[in-house]
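An overview of the molecular structure
One letter stands for each residue in the lines below.
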Amino acid sequence: MSAPAPVRRGTPRSAMPARPAVVGHRGAAELDPENTVRSFRRGVAEGSALLECDVHLSADGHDVIIHDATLDRTAQADSPLRTGAVAELTRAQLDRVLVGAGEHVPDLVSVLDTARREDGTPVPLLVEVKAPAAASLVARILRERFGAEAFADAATAPAWIISFHAEALATARAEAPEIPRLLTTTVTSPEFLAAAEELEVAQIGVRIAEARAADVAWCLEHGVQLNLWTARVDVELERALELGCDTITVDDPTWALERIEALTGPAA
C-alpha cells in the first residue's frame, strides 16, 4: 500500500480514506528489536507503506536512533554498556551498546539506507525528534540525503519530520521548510491545534484511545492528514478504522494489513 496523497494544505476534503497507510512503528517493533536496522528491514519486508524512527542527540552532537532518553530499557543483558543517559554519552560509547539480537544503535543514515524496497525506491520515513536539540541536525541530514526538490510534493516525500515538541518542528521549519511536518500528541487541545496551524503541519498525530470525531473533522476542514497511533490489538485497530485516518502506526505490519483487509475488503 502506498502512502496517501495529501490534499493541498488548507483545502477542505470530504472524507478520510477507507484504508489508511500502515506505518511500521520503530520498524516492526513487535517482531524485531525496535529502532534497529534489523527491525527497519523487517518493517519493509512486512509491507509497511511508511516507517517511523526516533532520534536523540549524543553528547558530542551525533544523531542516535533510540526511543528512550536512557539505555536502560532497551540495552540487552550482555551489552558492554547497559545504562546511562543518551545525551551524556558519546557516539563512540553508544556504538558499543547492544539492544537486542546483537543489534547496535543505528544512526539516521543507516536507517535511510535500510528503508528501501526491493526495486530501490525509498520507503518514506517518519523521523520523530525526541530531543528538540536534534531537530536541526535531522533536517540537515534529510536535505543533504534527498535534496530540497524531493520534498516538493508531500505525497511523494521520502521523509517527514515529526515530534511531540512544537519547538522541534519550528527549528526544522527554519532549517528546511520544504520537509513536511507532523505534530503529534496524546490528546488534542485548542493549544495543540493552534500550534499545528502555526507550524503549517501536513499531518497531526493522536493516540488512538484519546482520538475523537472532532479531531477527524478538524483535519478534514483544514486539509491536514491524521495519523493515529499505536495499534497493537484488534480493538485499537478497529477504533482507528471507525474514526478514519490517513495513516496508522502499528508494531506488527503484517497483522495490521491482514486485519485492515478483513475489515475493509481487498485493496482496489
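Described below are features of the structure shown in this document. (Residues numbered from 1 in each chain as written. Predicted model: local features only at pLDDT ≥ 70, side-chain atom pairs only at ≥ 80, totals over all residues. Heavy atoms only, no water.)

1. Regarding the packing of aromatic side chains
This structure, assessed with the given rule, holds 2 aromatic pairs. Plain terms: the ring middles of phenylalanine 146 and phenylalanine 151 are 6.1 Å apart, the flat faces sit at 90 degrees to each other, and that makes the pair edge-to-face. Classification of phenylalanine 146 as buried rests on a relative accessible area of 17%. Geometrically, the ring pair formed by phenylalanine 164 and tryptophan 229 is edge-to-face, given 5.8 Å between the ring centres and 80 degrees between the ring planes. Placement of the pair is phenylalanine 164 in the loop between strand S5 (159-163) and helix H5 (166-175) and tryptophan 229 in strand S8 (residues 225-231), with a sequence separation of 65 residues. The class of tryptophan 229 is buried, set by a relative accessible area of 18%. (Phe/Tyr/Trp six-rings, centres within 6.5 Å; stacked < 30°, edge-to-face > 60°. Buried < 20%, exposed > 50% of the residue type's maximum accessible area, 1.4 Å probe, protein only. Helix = DSSP H or I, 4+ residues; strand = E, 2+ residues; numbered from the N terminus.)

2. Brief notes about the layout of surface pockets
The volume enclosed by the second largest pocket comes to roughly 310 Å³. His25, Glu128, Phe164, Trp229 and Thr230 are, among the 21 residues lining the second largest pocket, the residues nearest its centre. Every element with two or more residues in the lining of the second largest pocket is listed here: strand S2 (50-57), strand S4 (125-129), strand S6 (181-185) and S8. Ranked by the residues each element gives to the lining of the second largest pocket, the list is headed by S8, at 3 residues. When the residues that make up the lining of the second largest pocket are grouped by side-chain class, the tally is 7 nonpolar, 6 polar and 8 charged. (1 Å grid on protein atoms, 1.4 Å probe; cavity = no way out; pocket = protein on both sides within 12 Å on 5 of 7 lines; lining within 4 Å. Points joined across faces, edges and corners; volume = space filled by probe spheres on them. Nonpolar A, V, L, I, M, F, W, Y, C, P; charged D, E, K, R; others polar.)

3. A closer look at helix H4 (residues 135-146)
If you check H4, its first and last C-alpha atoms are 17 Å apart, about what 12 residues at 1.5 Å a residue would give, namely 16 Å. Contacts made by the buried residues of H4 are with S2, strand S3 (63-65), helix H3 (108-114), S4, S5 and H5. (Expected span 1.5 Å × (residues − 1). Contact = heavy atoms within 4.5 Å.)

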